[in-house]
Amino acid sequence: MRVNVNAQRCVGAGQCVLIAPEVFDQSDEGTVMVLVESLEDPAQALAREAVRACPSGSISLAES
Ligand code: SF4
């Protein structure tokens with residue numbers, strides 16, 4: 001599974017980093033960055049949770 005983010009849409013709320021700190025980080029400006037683009041379990045489950053929690057719809061997942 002691959003994770004994609006839209007940093008221009010990100011509002012810097014940080015939920016993704018709290019839920020999956022091994023997958024997401026925030027830049028100095030506060031916008032989302034992806035640390036690992038290809039996910040295995042259990043990171044996949046956390047990434048799905050981050051998609052649900054993100055208030056701006058900035059995170060998407062795709063089967064690789
Ligand atoms: S949860 Fe969404 S809005 Fe918040 S930092 Fe992550 S990608 Fe950005």
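As the structure is a computational prediction, the values presented were derived from the model and not from experiment.

## Re the overall build of the chain
- When you go through the chain residue by residue, the secondary structure sums to two helices and four strands.
- Starting at the N terminus, the α and β elements of the chain follow one another as β-α-β-β-α-β.
- Relative to the globule expectation of 11 Å for 64 residues, the C-alpha radius of gyration of the chain, 10 Å, shows essentially globular dimensions.
- Expressed along its principal axes, the backbone C-alpha trace of the chain runs to roughly 30 × 15 × 15 Å.
- Sorting the 64 residues of the chain into buried and exposed places 22% on the buried side.
- For the chain, the proportion of contacts with a sequence separation of at least 24, taken over those separated by at least 6, is 59%.

## A word on unusual backbone geometry
- Of note, the amide linkage connecting Asp-41 to Pro-42 takes the cis form, showing an omega dihedral of 5°.
- If you trace the backbone, Pro-42 turns up in the loop between strand 3 (32-34) and helix 2 (43-53).

## Describing the site of the ligand
- The environment of the ligand is made up of 15 residues, and the closest members are Cys-10, Ala-13, Cys-16, Val-32 and Cys-54.
- Across the shell around the ligand, the residue classes tally to nine nonpolar, six polar and no charged.

Procedures and definitions
- Residues numbered from 1 in each chain as written.
- Predicted model: local features only at pLDDT ≥ 70, side-chain atom pairs only at ≥ 80, totals over all residues.
- Helix = DSSP H or I, 4+ residues; strand = E, 2+ residues; numbered from the N terminus.
- Rg over C-alpha atoms; globule rule 2.2 N^0.38 Å.
- Buried ≥ 20, exposed ≤ 12 C-beta atoms within 10 Å, placed from the backbone.
- Contact = placed C-beta atoms within 7 Å.
- Near = placed C-beta within 6 Å.
- Nonpolar A, V, L, I, M, F, W, Y, C, P; charged D, E, K, R; others polar.

As far as function goes, none of this settles anything; it's purely spatial.
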